[in-house]
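An overview of the molecular structure
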Amino acid sequence: MPVRQKIILFSPKPRRHTYSNSIPVALLKIASMIDRKKYESVIVSATPKYDYETQILKDSKDALCFAVRVLTGHDIIEAIELIKKIKKVNPNLPIVWGGWHGAIFPDQTLESSYADIIIRGQGERTFKELVERLVTKKDLKGLPGIIYKDKSGKIIHNPERPFEDINNFPDIPYDLINIDDYVDNFDGLRAAFYVTSQGCPFKCKFCAEPLVFKQRWSSLSNERILKDWEYLSKKGIEFIIIGDDNFFVNEKKVKDFCEKFIAKKLPLKWGRVSGRVRQMLAFSDETWQLIKDTGCTDIQVGAETGDQNVLDYIGKELTVDEIVQFIERARKFKIKATPAFILGLPTEEFRKASSKEIQKLLDKQWNAFFDVMDRCYKDHKDYDEIRLFAYDPYPGNPLYDLSCELGFDAPKKLEEWAIIRPAPWIKESLREKIRMLQYFLFPYARDGYAGRHIKKFKLLQKLFHKSAQWRWKHRFFALPIEYKMYRAYTNLRTKKTGQSATDHE
Ligand code: B12
Ligand code: SF4
């Protein structure tokens, strides 16, 4: 076989101290379209397992291009640091940015010296065609789906590429990676990350999905999904983590999937799967039971807020009553349901409000959150997981634009996006309270939670459990001595082991 030119596909570290262990699905999907006879796709995900940087710098000397997947956040700085080094080795190597950040801010990204070409939306076909142009040194004029700098440095926006049915793309080329290098751990099971669909038909005002995929949604056929799962199962995978933005879009397809999954009798569990409350409430009991029968471990839903005015404003197409009904329905079928909430979402009312009035609106959201929690979990202990976040203005959506109008100090340069800046109306004291609830109070209030780090200290656990329940019931969060003790202990552990109890913060 003649020497094939290398194409480097890279996924950076998502946090300074955290590596992503997950299968780099986006990179594999991109590689699936590349002609193997002519090119060698080198998939590299930042990992402590080998010296990936040295490998990339070596390959960069004669590669066709370096293509990187970048999300808004820490990814950016990791990508830039590496690109600076690549440029020293091969200053003319084309640098391609795929993934969400470049798609949201193509101009700002290209204005930096770290990107030559941005791929927006689905990358499979666009990247394949880009490779063909790069190898023949053809002009990039007219190639749909890219934004690029021409020879004079001018930024050119090519036409968008229409969204395609993802079944048009080839199978995931798992043989390009060593699956054992990308095994996640889920409750002690060997877990693999998998995505069955792309896009989302909805239009929540805080999400960039409508900008990136234009409210389109496409899902792999159930046969294809199960073929991949069978392959993964043969590779020793025991659990599938679903990364779809919205898995439960079409009840008929979900039902068919469950029936086929059960019939196949694969030794696999699946879960961490996202859906929407209203859609899933409309599912029949039969479908819910089928989902349960597949062994699905948990369903995550965006409940967002207990404040109906805010729910209406953010376009969630959801009522507070439906959130409560959803939790009850999941309980009836013994499926773990994880609602996610955001505190501090801005609304139109923020525009004319004084800082005192804004504080009142935030207090209203805070109280509404506990009201809906109390309705969902009357005894403050019969639940599995509750996720709570402070609102951070992520770009590419109407709520971000409103945040800018309300005084959010938007980053002006690519590099500045590496650190997500806080919304000015969310004070550090509120963030700390949210951290206490998310990482300490909710886990400990639950019956049976042993605490990852203090399993040995039975008495302390009991104290944490009782105080968490009492605090939640009385909504009393002042003087959080036990939380401070817990933090001090976990910080000490972090120093010793390098692993934090709140690594995802
Ligand atoms: C897995 C995942 C992660 C993993 C990343 C692991 C990894 N190394 O891949 C982890 C857990 C680390 C993570 C973290 C975060 N994530 Co995340 N994550 C996802 C998730 C669930 C799946 C991504 C995926 O693989 N999708 C499947 C692929 C096939 O789709 P795709 O990524 O869109 O890829 C297509 C195109 O975008 C393009 N493309 C993508 N990459 C590349 C690369 C090249 C070279 C090319 C040519 C094309 C290309 O082509 C692909 C095929 O069509 C998505 C939701 C989703 N369903 O996409 C959110 C999502 C990407 N994350 C999101 C967010 C908000 C975050 C966090 C900011 C969350 C937080 N508050 O901390 C952090 C950011 C961390 C950071 N960058 O600093 C947002 C994106 C927001 C944004 N502006 O970037 C998403 C879309 C969720 C959402 N709907 O809001 N995330
Ligand atoms: S938040 Fe979820 S449901 Fe809403 S548009 Fe984004 S992906 Fe779709």
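Residues numbered from 1 in each chain as written. Chains lettered and ligands numbered in written order. Predicted model: local features only at pLDDT ≥ 70, side-chain atom pairs only at ≥ 80, totals over all residues.

1. Quick look at the overall build of the chain
For clarity, the threshold we go by: Numbering of helices and strands runs from the N terminus; a helix is a DSSP stretch of H or I covering at least four residues, while a strand is a stretch of E covering at least two. For the radius of gyration, the atoms used are the C-alpha atoms, and the globule rule reads 2.2 Å times the number of residues raised to 0.38. With C-beta atoms placed from the backbone, a residue is buried if 20 or more other C-beta atoms are within 10 Å of its own, exposed if 12 or fewer are, and partly exposed between those counts.
Of regular secondary structure, the chain possesses 19 helices and 17 strands. Computed over the C-alpha atoms, the radius of gyration of the chain is 24 Å, within 12% of the 23 Å expected from 2.2 N^0.38 for a compact globule of 505 residues. Projected onto the principal axes, the alpha-carbon positions of the chain cover approximately 70 × 60 × 45 Å. When burial is assessed residue by residue, the chain has 37% of its 505 residues classed as buried.

2. Considerations on the pairing of strand E17 (residues 387-390)
The cut-off we apply is this: Think of it this way: DSSP has to see at least two bridges between two strands before they count as a pair.
Because side chains alternate across E17, one face comprises the buried residues Leu 388 and Ala 390, and the other comprises Arg 387 and Phe 389, none of which is buried. Looking at chain direction, strand E16 (residues 336-343) and E17 are connected through 4 bridges and run parallel. Residue Ile 342 lies in a different strand from E17, and its bridge partner there is Phe 389.

3. Here's the deal with the site of ligand 1
What counts, and what does not: Any residue whose C-beta atom, as set from the backbone, lies within 6 Å of a molecule or strand is reported as near that molecule or strand. Domain ranges listed in this record stem from an automatic or a database domain assignment.
Surrounding ligand 1, one finds 38 residues, the nearest of these being Ala 67, Gly 73, Gly 98, Trp 100 and Gly 123. Those elements giving two or more residues to the shell around ligand 1 turn out to be strand E1 (5-11), helix H1 (25-31), strand E3 (65-69), strand E4 (95-98), helix H4 (100-104) and helix H6 (124-135). At 4 residues, H1 tops the list of elements feeding residues into the shell around ligand 1. Here the shell around ligand 1 spans two domains, and each of domain 1 (5-157) and domain 2 (183-426) adds at least three residues to it.

4. Focus: the environment of Leu 140
Applied cut-off: A residue pair is marked as a contact if its C-beta atoms, positioned from the backbone, fall within 7 Å.
Tracing the backbone through its elements, the reader meets Leu 140 in the loop between H6 and strand E6 (146-149). For Leu 140, the residues in contact, after removing those within four places along its chain, are Ile 117, Arg 133, Ile 146 and Tyr 148.

5. Focus: the site of ligand 2
Selection criterion: Nonpolar residues are Ala, Val, Leu, Ile, Met, Phe, Trp, Tyr, Cys and Pro. Charged residues are Asp, Glu, Lys and Arg, and all others, Gly as well, are polar.
In the neighbourhood of ligand 2, the contacting residues comprise Cys 200, Phe 202, Lys 203, Cys 204, Cys 207, Glu 209, Asp 245, Asn 246, Arg 276 and Gly 302. In the shell around ligand 2, the residues fall into 4 nonpolar, 2 polar and 4 charged.

6. Some words on helix H17 (residues 428-445)
Test applied: Each residue after the first adds 1.5 Å to the expected span of a helix. A residue's bend is given by the angle between axes fitted to the 7 residues ending at it and the 7 residues starting at it.
Counted at 1.5 Å a residue, the expected span for H17 with its 18 residues is 26 Å, and the 24 Å between its end C-alpha atoms agrees. If you look at H17, its biggest bend is around 45°, right at Leu 437. Buried residues of H17: Lys 433, Ile 434, Met 436, Leu 437, Gln 438, Tyr 439, Phe 440, Leu 441, Phe 442, Tyr 444 and Ala 445, and no others.

7. Brief notes about the domain arrangement of the chain
Split by domain assignment, the chain resolves into domain 1 (5-157), domain 2 (183-426) and domain 3 (441-505). One C-alpha centre belongs to domain 2, the other to domain 3; they are set 25 Å apart. Listed per partner, the contact involves 5 residues of domain 2 and 8 residues of domain 3. Partitioning the side of domain 2 that touches domain 3 into residue classes produces 3 nonpolar, 1 polar and 1 charged.

8. Section: the sheet that holds strand E7 (residues 155-157)
Consider a sheet: its strands pair through backbone hydrogen bonds, and that pairing is either parallel or antiparallel. Keep this limit in mind: Only the contacting stretch of a helix is used when fitting its axis, a line to C-alpha atoms as for every element, and angles between N-to-C directions run 0 to 180 degrees.
Strand order in the open sheet formed by 7 strands is E2-E1-E3-E4-E5-E6-E7, and the pairing between neighbours is mixed. Since the sheet does not close on itself, it has two edges, and those belong to strand E2 (39-45) and E7, each with one partner. The sheet shows a mean angle of 20° between the axes of neighbouring strands, direction not considered. Bridge count for E3 against E4 is 4 bridges, and the pairing is parallel. The partner of Val 68 across the bridge, within E4, is Trp 97. Sheet contacts for H6: E1, E2, E3, E4, strand E5 (117-119) and E6; angle to E5, the most-contacted strand, approximately 155°.

9. Quick notes on the sheet that holds strand E8 (residues 184-186)
Ordered by their spatial adjacency, 4 strands build an open sheet running E8-E9-E12-E13, and the pairing between neighbours is mixed. Lying at the two open borders of the sheet, with one neighbouring strand each, are E8 and strand E13 (269-271). Averaged over all adjacent pairs, the angle separating strand axes in this sheet is 40°, with direction ignored. Looking at chain direction, E8 and strand E9 (residues 189-194) are connected through 3 bridges and run antiparallel. From the neighbouring strand, Asp 184 faces E9, where its bridge partner is Ala 191.

10. Examining the confidence of the model for the chain
Predicted coordinates in areas of low pLDDT are best not read in detail. Just so we agree on the cut-off: pLDDT measures the predictor's confidence residue by residue and takes values from 0 up to 100.
In the predicted model, the chain carries a mean pLDDT of 94, and the fraction of residues at 70 or more is 97%. Confidence drops under pLDDT 50 across residues 500-505; counting only partners more than four residues distant or on other chains, this segment forms 10 contacts.

11. Notes on the pairing of E2
Just so we agree on the cut-off: When the strands point away from the viewer, a crossover counts as right-handed if the route from the first strand across the helix to the second turns clockwise.
Bridge count between E1 and E2: 7 bridges; the pairing is parallel. Residue pairing across strands places Gln 5 opposite Tyr 39, the latter belonging to E2. Handedness of the crossover joining E1 and E2 through H1 is recorded here as right-handed.

12. Considerations on helix H8 (residues 222-234)
In this model, H8 (13 residues) spans 18 Å end to end at C-alpha, consistent with the 18 Å of a helix rising 1.5 Å per residue. Buried positions along H8 lie against E9, strand E12 (239-242) and helix H9 (251-264). Positioned one or two residues after H8, Gly 236 has a phi angle of 90°, which is positive.

13. A short note on unusual backbone geometry
Look at Lys 214: it is not a glycine, yet its phi comes out positive at around 55°. Note on placement: Lys 214 falls in the loop between helix H7 (209-213) and strand E11 (217-219). Overall, the presence of 12 C-beta atoms within 10 Å leaves Lys 214 in the exposed class. One non-glycine residue with positive phi stands out, namely Glu 317, at about 50°. One can find Glu 317 in the loop between helix H12 (308-313) and helix H13 (320-332). Under the C-beta neighbour-count criterion, Glu 317 is labelled partly exposed, with 15 such atoms within 10 Å.

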